[in-house]
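Single-letter residue listing:
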Amino acid sequence: MAAALLFWRANRSTTGLALAVGLFLGVGALVTPDTGDHLTSGNTPLIASTGTELITLAALIVAGAAATLRKATRS
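Residues numbered from 1 in each chain as written. Predicted model: local features only at pLDDT ≥ 70, side-chain atom pairs only at ≥ 80, totals over all residues. Heavy atoms only, no water.

Peer 1: Would you explain the overall build of the protein chain in this entry?
Peer 2: Secondary structure summary: the protein chain contains four helices and zero strands in total. Starting at the N terminus and walking to the C terminus, you meet the elements of the protein chain as α-α-α-α. In the protein chain, which comprises 75 residues, the proportion classed as buried is 20%. A separation threshold of at least 6 residues defines the contact pool for the protein chain, and within that pool the share at least 24 residues apart is 55%. Accessible surface, the protein chain: about 5200 Å² in total, of which carbon and sulfur atoms supply 71%. (Helix = DSSP H or I, 4+ residues; strand = E, 2+ residues; numbered from the N terminus. Buried < 20%, exposed > 50% of the residue type's maximum accessible area, 1.4 Å probe, protein only. Contact = heavy atoms within 4.5 Å. Areas by Shrake-Rupley, 256 points an atom, 1.4 Å probe, with all protein chains shown as cover.)

Peer 1: Whenever I open this one, helix H2 (residues 12-31) confuses me. Can you help?
Peer 2: A turn of α-helix holds 3.6 residues, and therefore any two residues three or four places apart point the same way. In a regular helix each residue adds 1.5 Å, so 20 residues correspond to 28 Å; H2 covers 28 Å between its end C-alpha atoms and thus fits that length. Buried within H2 we find Thr14, Thr15, Ala18, Leu19, Gly22, Gly26 and Ala29. Axial view of H2: buried residues confined to an arc of 140°, hence all on one face. The outward face of H2, more than 90 degrees from its buried face, is lined by the exposed residues Ser13, Phe24 and Val31. (Expected span 1.5 Å × (residues − 1). Arc of directions from axis to C-beta.)

Functional significance is not addressed by these values, which are geometric in nature.
Written as structure tokens, this is what we have:
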């Protein structure tokens, strides 16, 4: 939903919403006990997918913050 809003109309409020969604998902992925279990499981595909998820969520947060700050300085 947030991605559709960004595609349709990218402004400060929608970039802020996308950043909030990324933070919500990122914090949720870090605090769940399954993440630690996945990383220490010894199952290579599970470790790779969990690591990829965490890296992608971090990139989402950085990109969302950059877009929000860029929109804030242009307004």
